[in-house]
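A look at the structure
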Amino acid sequence: MSSEPAPVAAATPPAQSVEPPVKGASSEEAPEHRALVLTGFGGYEKVKVQARRSGRPRPGELSVRVRACGLNFADVMVRQGLYDRLPSPPFSPGMECAGTVCAVGEEVRDRQVGDKVMILARTGLWQEVVNVPAVQTFLMPEGMSFEEAAALPVNYITAYMILFDFGNLRPNQSVLIHMAAGGVGNAAIQLCKTVENVTIFGTASASKHDSLKESGVAYPIDYRTMDYAEEVRKISPKGVDIVMDPLGGSDTSKAFHLLKPMGKVITYGVTNLITGQKKNLMAMAKTWWNQFSINAIQLLHHNKAVCGYDLGNMDEEYELLTGVVLKLINLYNQGKIKPKIDSVWSFDQVADAMKHMQEKKNVGKVILVPEAPKEESKKAEN
């Protein structure tokens, strides 16, 4: 999904009126809270702030007061109606968030009220209060901010599994990272730096190259003015060991032909479908027409691999995902990774936040918060 992949596991719907007792919750009706709601597929204006009630958590669920939410390129595709396996509008989007547990349902043994958690779900998390299965939550490490926690699940799980589970990244190898200044791109750069002597090529607009160099990209490439494949070949005539491909279409073919022997291209999105605010049927037709196709015999002769990664199709792989998150938390605690926050926007500014991301102005993660960021609040007071 996306530059960013499709996320995981649907958050369950609000609980019904008759339920077992809940630890940490009162018997009164849940108060209203603010939620971002997709009212229909289309442009930025389709996402609106509305009042919702979350109900009480069911057995196996937690109720979490959300402090920060991640915005992913996949959310842009969701808004345009480019993903299946989603409810019909109106529904609340959002695949990742972080907050504090405010109620615990029956059968939950490893979470308690007051725990700070990050959450991964297929959708439904852009709300002030959410009810989610406890297995979709991960305890935040000490010292991590809510903004950082909301920036970690989708991007870092994606980058980690692509580089290490599929890519088998090892010392002295080379990696091409597309959209290197975005959320997955920044995560991938940091993870590459945990392996000795990895050479990183990264595509991004020229204005982001200084930031990429500071992050560890040896060779930033301006994809708007250059043929990135030619630029890679000038520096590394044999190509690269791994290509992370969130683009799809003809770019997957270019990625495959850029691989060294024993190289791997991991495709994890189709952002070439996004050309404006709304679904573009011409762009869809062109992308699918140019989609890369290869058979097993051809792969055999090339000594190369093509992998497909979609976080959203690992709904039930809780143990696998938890194992990855624990490795990421360990790296965070060692100071080897740290989510880079581009900007923080209130729910009321969601259209501006999506526009900022869709126009690829961000360097790092775009974060949504239920209320206006503190700095902004202070400016408003002056």
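Here the structure is a predicted model, which means the values were calculated and not measured.

Turning our attention to the pairing of strand β5 (residues 116-120). Regular strands place their side chains on alternate faces of the sheet. Among the 5 residues in β5, 4 count as buried, and that is most of the element. As paired strands, strand β4 (residues 96-104) and β5 are joined by 5 bridges and run antiparallel to one another. The partner of Ala98 across the bridge, within β5, is Met118. Sheet topology places β5 next to strand β7 (residues 137-139); 3 bridges connect them, and they run antiparallel. Bridge pairing in β7 links Val117 to Leu139.

Before going further, it helps to examine the confidence of the model for the protein chain. Looking at the protein chain, pLDDT values average 85 and 82% of them are 70 or higher. For the protein chain, per-element mean pLDDT is lowest for helix α12 (residues 374-381), which scores 45, and highest for strand β8 (residues 174-177), which scores 98. Under a pLDDT of 50 for its full length, residues 376-382 has, in the predicted model, 2 contacts with residues more than four places off or in other chains.

On to the sheet that holds strand β9 (residues 199-203), then. As summarised here, the arrangement of the 6 strands in space is β10-β9-β8-β11-β12-β13, forming an open sheet in which the pairing is parallel. Where the open sheet ends on each side, the last strands, each with one partner, are β10 (219-221) and β13 (305-308). This sheet shows a mean twist of 15° between the axes of neighbouring strands, independent of strand direction. Of the pairings in the sheet, the one linking β8 to β9 comprises 4 bridges and is parallel in character.

Scoring rules and cut-offs
Residues numbered from 1 in each chain as written. Predicted model: local features only at pLDDT ≥ 70, side-chain atom pairs only at ≥ 80, totals over all residues. Heavy atoms only, no water. Buried < 20%, exposed > 50% of the residue type's maximum accessible area, 1.4 Å probe, protein only. Helix = DSSP H or I, 4+ residues; strand = E, 2+ residues; numbered from the N terminus. Pairing = 2+ DSSP bridges. pLDDT = per-residue confidence, 0-100. Contact = heavy atoms within 4.5 Å. Axes fitted to C-alpha atoms, helices over the stretch in contact; angles between N-to-C directions.

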